Amino acid sequence: MAATAVSPASIEAKRNWSPIITETASMELGNDEFDPTRHLVFKDHPKVYTMKDIGLPEDTGISPVAVSEPFPLFTEEAVMRMRKEVLSAEVLGNCQYSSHLAQCQLRGFANKYAPFVYDVWKNPETLAIISKIAKIDLVTEMDIEIGHINISVKSEEEKQEELQAFSDRAQYEADEGIAGCPWEDDKPIVDWHTDSYPFVCVTMLSDCTTMIGGETALRTGTGEIMKVRGPQMGCAVVLQGRYIEHQALRALGTAERISMVTSFRPRCPTVRDDTVLTTVRPISNLEELYNQFSEYRLEILEERIRQQLKDLREAKSVGRKVATYKLKAFLEEQEKFLSHMNSEMVDGEVVRGTIEDNLLLKKKSGSKSKKRPRRF
Ligand SMILES: [Fe+2]
């Protein structure tokens with residue numbers, strides 16, 4: 001069953017909010033193409049934590065890097081341009097999804113309605129920055145995953161109430177001499193999970209200067225919890241989310257939180273691709289998802305076969321033989337590759353808006369799933 005966007009009526013119902021950064025400001029923006037020299041502000045390499053740093057085996061994923069600290073990536077103008085496209089009528093009307101984990105998500109819009117966003121993530125300079133931080137050459141996972149948006153909106157009253165409650169509680173705990181962060185025991189947005197794709201880059205498109213919480217918690221190799229700060233507007237975080245159990249902690253004190261998540265896979269066809277579709281099947285147009293998944297996976301296979309054939313022919317031309325055991329190992333690997341691909345393309349069992357429980361690592365965390373907005 002192919003998942004489709006939510007109905008126009010529910011879109012209208014959900015559009016009862018105003019972006020904090022007004023559209024008047026966006027109207028003054030031009031329509032120039034994405035220009036890395038003008039729209040990117042990346043300068044200093046952010047601090048990164050390696051798999052080893054967080055107590056996991058170095059070969060856990062496809063790169064030694066586990067996660068980065070937030071780093072400035074986009075100019076304010078670039079953020080405004082992306083907001084303008086993301087919050088356009090076409091995107092809100094045609095690309096909106098929701099699940100029991102997220103109140104509002106926008107997906108699969110970049111190659112149809114958001115040329116600036118598309119160019120941002122396809123640009124070689126952007127890819128070079130993400131690849132440099134990730135310590136592996138990366139490309140965007142699939143067009144459908146470019147610029148995935150999570151939107152969480154609260155009224156100004158709710159925001160003020162949250163800030164007041166936080167302040168009261170902090171004051172009470174200070175008075176009572178209770179040590180530790182008053183936020184420490186709060187609930188996550190979504191349970192422990194791993195992502196479907198090797199790497200993600202999360203970019204903030206909202207002003208989060210008053211935000212409390214909103215970190216990403218990672219489970220280290222020793223079972224301890226490590227928190228990484230959430231990014232501020234125009235900033236980004238890179239995470240090898242396919243291989244690290246993590247959860248997004250709640251963010252309070254912001255009326256609007258729009259984050260953009262773009263996923264990446266290795267560029268080199270011989271590097272393993274552990275992509276699954278578990279988290280995205282219920283919130284995707286399945287035909288589109290399966291087409292794009294098949295296309296890039298078959299391209300990988302095509303390239304692998306081409307290389308194998310070249311080796312065979314070259315060996316033959318100089319009178320050498322390629323060892324049969326090597327050939328058989330190659331074939332076995334490709335059989336697994338195809339079998340994995342086939343099993344990911346589930347048909348007829350996908351429930352729209354429901355992420356399978358096997359993704360959420362409830363047993364390990366001991367916590368219960370909550371129907372809260374999933375932001376990451
Ligand atoms: Fe995640």
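Everything that follows concerns the structure shown earlier in this document.
A quick note: this is a predicted structure, and the numbers were derived from the prediction, not measured.

This part covers helix α11 (residues 324-344). The end-to-end C-alpha separation of α11 is 30 Å, in line with the 30 Å expected for 21 residues at 1.5 Å each. Regarding α11, the residues found buried are Phe330, Gln334, Phe337, Met341 and Glu344. The arc enclosing the buried residues of α11, seen along the axis, measures out at 90 degrees, which places them on a common side. In α11, those exposed residues whose orientation departs by more than 90 degrees from the buried face are Thr324, Tyr325, Lys328, Glu335, Lys336 and Asn342. Looking at the packing, one finds that the buried side of α11 touches α10 (286-317).

Now for the coordination of the iron ion. At this site the iron ion is bound by His193 (NE2), Asp195 (OD) and His246 (NE2), with donor distances of 2.1 to 2.3 Å. Counting gaps between the donor residues of the iron ion yields the pattern H-x1-D-x50-H. Placement of Asp195 in the loop between α9 (156-175) and β8 (199-204) and of His246 in strand β13 (residues 246-248) is noted, with a sequence separation of 51 residues between them. Of the two residues, Asp195 and His246, neither departs from the other in class, the shared state being buried.

With that settled, consider the pairing of strand β12 (residues 235-239). As a general feature of sheets, a regular strand has side chains that alternate between the two faces. Burial of β12 is extensive: five of the five residues sit out of reach of the surface. Burial along β12 is two-sided: Cys235, Val237 and Leu239 facing one way and Ala236 and Val238 facing the other are all buried. Across two bridges, strand β3 (residues 71-72) lies against β12 in antiparallel orientation. Bridging across to β12, Pro72 finds its partner in Cys235.

Here the focus is the packing of aromatic side chains. Counted according to the given criterion, the structure contains five aromatic pairs. A centroid spacing of 5.7 Å and a plane angle of 85 degrees characterise the contact between Phe34 and Phe116, whose relative ring orientation is edge-to-face. Here the residue Phe34 occupies a position in the loop between α2 (23-27) and α3 (36-39), and Phe116 occupies one in helix α7 (residues 115-122), the gap between them amounting to 82 residues. Phe116 shares its class with Phe34; the two are buried.

What follows concerns α10. With 32 residues, α10 should cover 46 Å at 1.5 Å per step; its first-to-last C-alpha distance of 45 Å lies within 8% of that length. Where α10 begins, the capping side chain belongs to Asn285, and its oxygen is found 3.1 Å from the backbone nitrogen of Glu287. The first or second residue beyond α10 is Gly319, which carries a positive phi of 80 degrees.

Closest axis-to-axis distance for the helix α4 (residues 76-86)/α7 pair is 8 Å, and the angle between their directions is 130 degrees. If you check the angle between α4 and α7, you find them oblique. Residues Ala78, Arg81, Met82, Glu85 and Val86 of α4 pack against Pro115, Phe116, Val117 and Val120 of α7. Residue composition of the contact of α4 with α7, by class: seven nonpolar, no polar and two charged.

Let us now look at the packing of α7 against helix α8 (residues 124-134). Orientation of α7 relative to α8, taken along the N-to-C sense of each, is 50 degrees, at an axis distance of 5 Å. On the basis of their axis angle, the class for α7 and α8 is oblique. Contacts from Val120, Trp121 and Lys122 of α7 reach α8 at Pro124, Thr126, Leu127 and Ile130. Its residues assigned to classes, the contact of α7 with α8 shows five nonpolar, one polar and one charged.

Throughout the structure, instances matching the rule amount to 16 salt bridges. Linking Glu256 and Arg83 is a salt bridge whose minimum nitrogen-to-oxygen distance equals 2.9 Å. Here Glu256 is found in strand β15 (residues 256-266), whereas its partner Arg83 is found in helix α4, with 173 residues between them in sequence. Like Glu256, the residue Arg83 is buried in the burial classification. The closest approach of N and O atoms between Lys122 and Asp143, which form a salt bridge, is 3.6 Å. Taken as a pair, Lys122 in helix α7 and Asp143 in the loop between β6 (138-140) and β7 (148-153) lie far apart in primary sequence, 21 residues in all. For Lys122, a relative accessible area of 35% gives the class partly exposed.

Summarising the element assignment, Ser131 is placed in helix α8. In this structure the side chain of Ser131 is engaged in a polar contact, spanning 2.7 Å, whose partner is the backbone oxygen of Leu127. A distance of 2.9 Å separates a polar side-chain atom of Ser131 from the backbone nitrogen of Leu138. For Ser131, the contacting residues outside a window of four places in its chain are Ile136, Asp137 and Leu138.

Rules used in this analysis
Residues numbered from 1 in each chain as written. Predicted model: local features only at pLDDT ≥ 70, side-chain atom pairs only at ≥ 80, totals over all residues. Heavy atoms only, no water. Helix = DSSP H or I, 4+ residues; strand = E, 2+ residues; numbered from the N terminus. Expected span 1.5 Å × (residues − 1). Buried < 20%, exposed > 50% of the residue type's maximum accessible area, 1.4 Å probe, protein only. Arc of directions from axis to C-beta. Contact = heavy atoms within 4.5 Å. Donors = N, O, S within 2.8 Å, 3.2 Å for Na, K, Ca; no water. Pairing = 2+ DSSP bridges. Phe/Tyr/Trp six-rings, centres within 6.5 Å; stacked < 30°, edge-to-face > 60°. Polar contact = N/O pair within 3.5 Å; in protein donor to acceptor, adjacent residues only side chain to side chain. Axes fitted to C-alpha atoms, helices over the stretch in contact; angles between N-to-C directions. Parallel < 35°, antiparallel > 145°, perpendicular 65-115°, else oblique. Nonpolar A, V, L, I, M, F, W, Y, C, P; charged D, E, K, R; others polar. Salt bridge = Lys/Arg side-chain N within 4 Å of Asp/Glu carboxyl O.

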